[in-house]
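Structure at a glance
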Amino acid sequence: MRIDILTLFPEMCNAYISESIIGRARKAGKVEIECTDIRDYTKDKHRRVDDTPYGGGMGMIMQVEPVYDCFSALCEKLGAKPHLIYLTPQGKTLTQKRVKELSELANIALLCGHYEGIDERVIEELQPEEISVGDYVLTGGELPALILADAVSRMLPGVLSDDECFEEESHFNSLLEYPQYTRPYEWKGRTVPDVLLTGHHANVDKWRRQQSLKRTLERRPDMLEKAELSKDDLSYLSELK
């Protein structure tokens, strides 16, 4: 899979995607992530890509032509039009379900806005999918783009050591993940649950499932409506209520 990040700050994005699990996955060829500087497509000798908003107001607006020309050049380079995503607080909130769907595409391009946003005309022309990472506002789309690139990349084959690394995580099956423990056995009077020390895999699995159900009920009960629950799950939740 290839992920392209269209940004005014490629160095910032490259610093993150070159490290840790994603960085190793890139080097191993499990995922291709490239950053393109939108400033390379401005005709302004000072490399400006923004201007004041019509109608007045605070801040600056990213101009149409650099954004459009940047994406057009990418399409020409790839010989195809990638699925374009504009990271914006006005978009639909990103979910693990959508992350999984995006991970099945061959190529996505992530458009990072900055300043007070992007001229609406290029959004109308390119018709990107609009995605938000939460109900808050950041100074630019770079951090949301990196969140999306990270979330999608780790779903790809071979990026994580085993599919179970993400299949049991929070949100994957509409449940929050169970609590995790490691050494030491006791810390400040708190001990590791004894069931985890038994080596009895069936009992450990049962405990973890029940802990996921309990934690989801306590913290995100809305998620239970989407979860696939067995009769044992429903019986356990009934006992908790």
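Right above here is the structure, for reference.
From a predicted model like this one, the values you see are computed outputs, not experimental measurements.

What follows is about the sheet that holds strand β7 (residues 129-132). If you trace the five strands from one edge of the open sheet to the other, you get β2-β1-β6-β5-β7, paired in parallel fashion. This sheet does not close on itself; its edge strands, each paired only once, are β2 (32-37) and β7. With strand direction ignored, the average angle separating the axes of adjacent strands in the sheet is 30 degrees. In this structure, strand β5 (residues 83-93) lies alongside strand β6 (residues 107-112), joined through five bridges in parallel fashion. Across the sheet, residue His83 finds its bridge partner in β6, namely Ile108. Those strands touched by helix α3 (residues 64-78) are β1 (2-7), β2, β5 and β6, and its axis lies near 155 degrees from that of β1. Along the sheet face, helix α6 (residues 142-153) touches β1, β2, β5, β6 and β7 and points at about 175 degrees away from the line of β1.

This part is about the pairing of β6. Of all the six residues making up β6, six are buried; the element is thus mostly covered by neighbouring parts of the structure. On β6, burial covers both faces: Asn107, Ala109 and Leu111 on one face and Ile108, Leu110 and Cys112 on the other are all buried. Pairing of β1 with β6, which is carried by five bridges, proceeds in the parallel orientation. Residue pairing across strands places Arg2 opposite Asn107, the latter belonging to β6. The β-α-β motif built from β5, the intervening helix α4 (residues 96-103) and the parallel element β6 has right-handed crossover chirality.

Attention now moves to a nonpolar patch on the surface. A contiguous nonpolar patch, built from Met12, Tyr136, Leu138 and Leu143 and spanning about 370 Å² of accessible area, is present on the exposed surface. Relative to the assigned elements, Tyr136 resides in the loop between β7 and α6.

In this section: α6. Taking 1.5 Å of rise per residue, the 12 residues of α6 would be expected to cover 16 Å, and the 16 Å separating its terminal C-alpha atoms lies within 8% of that figure. What α6 keeps buried is the set Glu142, Pro144, Ala145, Leu146, Leu148, Ala149, Asp150, Ala151, Val152 and Ser153.

Approximately 490 Å³ is the volume found for the second largest pocket. Looking at the second largest pocket, it is lined by 25 residues, and the ones nearest its centre are Tyr86, Leu87, Thr88, Pro89 and Gly117. Looking at the lining of the second largest pocket, the elements with two or more residues in it are β5, α5 (120-126) and β7. By residue number, the principal contributor to the lining of the second largest pocket is β5, which donates five residues. Residues belonging to the lining of the second largest pocket are distributed by class as follows: 12 nonpolar, 10 polar and three charged.

Okay, the packing of helix α8 (residues 201-219) against helix α9 (residues 231-240) next. The interhelical angle for the contact between α8 and α9, taken along N-to-C directions, is 50 degrees, at an axis separation of 10 Å. Taken together, the axes of α8 and α9 lie oblique to each other. Two packed elements cross with a definite hand, and for α8 against α9 that hand is right-handed. The residues of α9 that touch α8, namely those facing Arg209, Gln210, Leu213, Lys214 and Leu217, are Asp233, Tyr236, Leu237 and Leu240. Split into classes, the residues belonging to the contact of α8 with α9 amount to five nonpolar, one polar and three charged.

Thresholds, definitions, all that
Each residue is numbered by its place in its chain's sequence as written, counting from 1. Per-residue local features of the predicted model are confined to residues with pLDDT of at least 70, and side-chain atom pairs are confined, for both listing and counting, to 80 or more; whole-chain, interface and lining totals are unaffected and use all residues. Side-chain metrics rest on all non-hydrogen atoms present in the structure, leaving aside hydrogens and water. In this analysis, strands are considered paired if DSSP registers two or more bridges between them. Counting from the N terminus, the helices are DSSP H or I runs at least four residues long and the strands are E runs at least two residues long. Here an angle of 0 to 180 degrees is reported between the N-to-C directions of two axes, which are lines fitted to C-alpha atoms, with helices fitted over the stretch in contact. In what follows, a contact means two residues having at least one pair of non-hydrogen atoms within 4.5 Å. A 1.4 Å probe rolled over the protein chains alone gives each residue an accessible area, and that area as a share of the maximum for its type sets the label: buried under 20%, exposed over 50%, partly exposed in between. Clockwise travel from the first strand over the helix to the second, with the strands pointing away from the viewer, marks a crossover as right-handed. The patches described consist of residues with a relative accessible area above 30% and no salt bridge, like charges being joined within 9 Å and nonpolar side chains (Val, Leu, Ile, Met, Phe, Trp, Tyr) within 5 Å. Only the protein chains shown count as cover for residues, and the accessible areas themselves come from Shrake-Rupley with a 1.4 Å probe. Here, a salt bridge means any side-chain nitrogen of Lys or Arg that lies within 4 Å of a carboxyl oxygen of Asp or Glu. Helices are assigned an expected span. That span is 1.5 Å times one less than the residue count. With a 1 Å grid spanning the protein atoms alone, the term cavity applies to any set of points in which a 1.4 Å probe fits but cannot get out, the term pocket to an open set with protein on both sides within 12 Å along at least five of seven lines, and the term lining residue to any residue with an atom within 4 Å of a point. Grid points are joined across faces, edges and corners, and a volume is the space filled by probe spheres set on the points. For this scheme, ten residues count as nonpolar: Ala, Val, Leu, Ile, Met, Phe, Trp, Tyr, Cys and Pro. Four count as charged, namely Asp, Glu, Lys and Arg, and the remainder, Gly too, count as polar. These descriptions rest on fixed angle ranges, namely under 35 degrees for roughly parallel, over 145 for roughly antiparallel, 65 to 115 for roughly perpendicular, and the rest for oblique. Definitions for this section: a left-handed crossing has its near helix turned counterclockwise from the far helix by less than a right angle. A right-handed crossing has that turn clockwise.

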